[in-house]
Amino acid sequence: MSETARAAKKSIPEPELMSAGHTACQGCAATLSMRYALKGLGSETILVIPACCWTVLAGASKRTSLSVPVLHAPFAGAAATACGVKHGLVSRGDDSTTVVAWAGDGGTFDIGLQSLSGAADRNEDILYVCYDNEAYMNTGIQRSGGTPRGAWTMTTPEGADRPKKDLDAIVEAHHPRYFATATPAFAEDLVRKFKKAREVKGFRFIRILSPCPPGWKYDPEATVRYSRLAVQTGLFPLYEVEDGNFRLNRALTPRRPVSEYLAGQGRYRGLSADSVARIQAEIDARCAGLEKR
Amino acid sequence: MRKVLTGNQAAAWAAALASVDVVAAYPITPATQVCETLAELQASGHYKGRYVKVESEHSAMSALLGAASAGARTFTATSSQGLAYMHEMLHWVSGARLPIVMVDVNRALAAPWNLWSDQSDSLSQRDTGWLQFYCASNQEVLDTTLMAFKISERLRLPSMVIMDGFTLSHTYEPVDVPGAEEVARFLPPWREPSALDPKRPAAYGALALPKEFTRLRRRLENDMQRALETILEISSEFEEAFGRSYGLIEPYRVGDAEALLFCAGAAASTMQEAVDALRARGKAAGGVRLRVARPFPTYSVRALSRPGVPWAVVDRAFSPGSGGVFRQELEAALYPLSRHPSVRGYIAGLGGADVTVELLSEIWEDAVLDRKDSTEAWMEDAR
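Since this is a predicted model, take the numbers as computed values, not measurements. Residue indices begin from 1 for each chain and proceed along its sequence in written order. Labels follow written order: the first chain is A, the first ligand is 1, and so on. Side-chain atom pairs in this predicted model are given and counted only at pLDDT of 80 or more, local residue features only at pLDDT of at least 70, and totals for whole chains, interfaces and linings cover all residues. Note that the side-chain values use all heavy atoms of the structure and ignore hydrogens as well as water.

**With respect to the overall build of chain A**
Counting its regular elements, chain A contains 12 helices and eight strands. Every radius of gyration here is taken over C-alpha atoms, with the globule rule written as 2.2 Å times N^0.38, N being the number of residues. The C-alpha radius of gyration of chain A comes to 18 Å, within 12% of the 19 Å expected for a compact globule of 293 residues. Reported as C-alpha extents along the three principal axes, the dimensions of chain A are approximately 60 × 45 × 40 Å. Here the term buried applies to any residue with accessible area under 20% of the maximum for its type, exposed to any over 50%, and partly exposed to those in between, with areas from a 1.4 Å probe on protein chains only. Counting the 293 residues in chain A, one finds 56% classified as buried. Helix and strand labels come from DSSP, where a helix needs a run of H or I of at least four residues and a strand needs a run of E of at least two; each type is numbered from the N terminus.

Below, the structure is given as structure tokens:
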């Protein structure tokens, strides 16, 4: 065993709270995300899952791939349902269970935004997680507010003409107790952030970039590579904000050119050289801003 | 203790007395005062539960879905557009078999904007799997809300306690408010055996295949039918404890009546006055108040039905394209009788239009002719 592998083994808790037999596509990053998130959260956790891929991945009827309770909920109300669970538990004397809303980008950027905003504004004692695969993947790849400009989806056959909604800024504008970005290629970072989120009282938010082989049109074995490249190119900076204090978790300079990340993803096949240059310029500007923050 | 309360205040007092654990609510005219009174009762220590001031009605019912799944006793109040906005959640919580209690203050649905009472909001939700109780006084609002918790928890079905906007919600009446200890004896704390608990990992509401889905739906319908009996049982327990009695329907001077008025809500009190006025003029009038609309008390109305005695249904809600809602339900209930009487519908009191003694008398005089021609008429207050 290499030195790195030994270190990783020590830093990531061994108990598995997600089992094999889930119904995800091959190479699904949403399952990696759940597996690592639960390692950080531990078994004293209740999940609220609105309509999203995980509605299906958690298993049909009596079968479940998760070893923590799951409350399924309608699409628009994940955050409100989660805060209801928290209030219900506290009223019955359970002050310690972590209640997590676990939603996709559609349920967060779009239909669930009001409920998310309300819960964040009230500083509800919940952790809201958005696993962002950048489109409505469960319904078969339609554009959401999380879809980046230029990406093909079933409803943007020429490529999305609007930029990805800046959800992170919207959430930060609610003054959450804790905010973080994460992606499963950086598993230790992800686990650490969930451990930290578990300890914070009040509203917490984590956005996970979750590559999706059928939706992004790449081979399943490349999931971790795209998750890693998203960070290495500066497209998805890893950072956290605790009570307004910003901290970059990984240097943004030097970084790889974004063309390495875009290449091989079928959803970007139609991008012109100009579009790639524009995306690079946007990343450079954003990274410069974050480095000064 | 006797207090002078509006219908809204009576509802809030009932929730406080029921030792509700979690309230989630959002203001809307004319139900806002329920939210405000609960905040006052919390400040004065009468309401000891938690209060989530959510950002919408959809989130109010979502929060109660979460809280009730965690085993809490829960309550909210809304009206009209707010109730309509909750629609998908109403189906969800009855399917999840959660004993949530909600007060709906009847108000018309827009467009155009309208603030006043009719039953289009609650009757639009009649297929959502909620028990529906239509109240005719502020005392009944308080009593029914208390009973609703017990009924809902026994059947694991949610309850909607309904009162007329303004006519009850904003009108002061003397109300007998029972003591907390008395209520606690009638309504013990709610213990949900399958509440969400990290020690018992399980999935709630996960995808069900057609066979099990059908079984769950059938069980829900069986329990809805069983509810008729349960409501009467708990009403007797309530009468034993507090001395006030409530049924599924409330007949008034029906014995020798030649035609029967039929309506729900506060208009039913006016109906009793109309019956008295007609009787004073030598007319054999009678009336029936529908108190429980879901489940529909089919056998109770059949038992009152006599061949040749027409029913005049006063509908404050209609289904565009098929007419008055209660008229259709009463027809469906009576049709299997071998000699069913005629049922004539009268659409009245929409968007807060007055349902007066004169209007109801006119309706009765028309119905007693038993013309058997058209089935429905639109009525306007002549004033």
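Structure shown, so let's carry the discussion forward.
**Side note on the sheet that holds strand β7 (residues 159-164) of chain B**
Residues and elements named next belong to chain B. The seven strands lie next to each other as β3-β2-β4-β5-β7-β6-β13, forming an open sheet whose pairing is mixed. A single partner strand is all that each edge strand has here, and the edge strands are β3 (50-53) and β13 (292-294). Averaged over all pairs of adjacent strands, the angle between their axes in this sheet comes to 20 degrees, without regard to strand direction. Pairing between strands requires that DSSP locate at least two bridges from one strand to the other. In terms of strand pairing, strand β5 (residues 101-106) meets β7 through six bridges, oriented parallel. Following the sheet pairing, aspartate 104 is matched in β7 by isoleucine 162. Between N-to-C directions, angles cover 0 to 180 degrees, with each direction set by a line fitted to C-alpha atoms, over the stretch in contact for helices.

**Some thoughts on unusual backbone geometry**
Residues and elements named next belong to chain B. Here the amide bond leading from alanine 110 into alanine 111 is cis, since omega sits at 0 degrees, within 30 degrees of zero. Considering the arrangement of structural elements, one finds alanine 111 in the loop between β5 and α6 (120-123). Backbone torsion omega between arginine 294 and proline 295 reads -5 degrees, so that peptide bond is classified as cis. Considering the arrangement of structural elements, one finds proline 295 in the loop between β13 and α11 (298-304). One non-glycine residue with positive phi stands out, namely aspartate 370, at about 50 degrees.

**Comments concerning the interface of chain B and chain A**
Across the boundary between the two partners, chain B contributes 39 residues, which contact 36 residues of chain A. What counts as buried area is the accessible surface, traced by a 1.4 Å probe, that two parts surrender upon association, with contributions from both included. With both chains or domains summed, chain B and chain A bury close to 2800 Å², and 63% of this area falls on carbon and sulfur atoms. Definition used for salt bridges: Asp or Glu carboxyl oxygen within 4 Å of a side-chain nitrogen of Lys or Arg. Our count for the chain B to chain A interface comes out at one salt bridge. A salt bridge links arginine 122 of chain A to glutamate 55 of chain B, with the nearest nitrogen and oxygen atoms 3.0 Å apart. Counted as a polar contact is a pair of N or O atoms within 3.5 Å, where, for protein atoms, one must be capable of donating a hydrogen and the other of accepting one, and residues adjacent in sequence contribute only when both atoms are in side chains. On inspection of chain B and its partner chain A, the count reaches 10 residue pairs in polar contact (both at pLDDT 80 or more). Of all the elements in the fold, those that place two or more residues in the side of chain B that touches chain A are β3, α3 (57-69), α5 (87-95) and β9 (203-204) of chain B. In terms of residue count, α3 of chain B provides more of the side of chain B that touches chain A than any other element does, eight residues in total. Looking at the side of chain B that touches chain A residue by residue, the class counts come to 21 nonpolar, eight polar and 10 charged. Pairing analysis gives two bridges linking strand β2 (residues 70-72) of chain A to β9 of chain B, with the strands arranged parallel. Across the sheet, residue valine 70 of chain A finds its bridge partner in β9 of chain B, namely alanine 203 of chain B. We call two residues in contact when some of their heavy atoms are within 4.5 Å. Residue polarity is assigned by list, with Asp, Glu, Lys and Arg as charged and Ala, Val, Leu, Ile, Met, Phe, Trp, Tyr, Cys and Pro as nonpolar; anything else, Gly included, falls into the polar class.

Nothing here speaks to function; it is geometry throughout.
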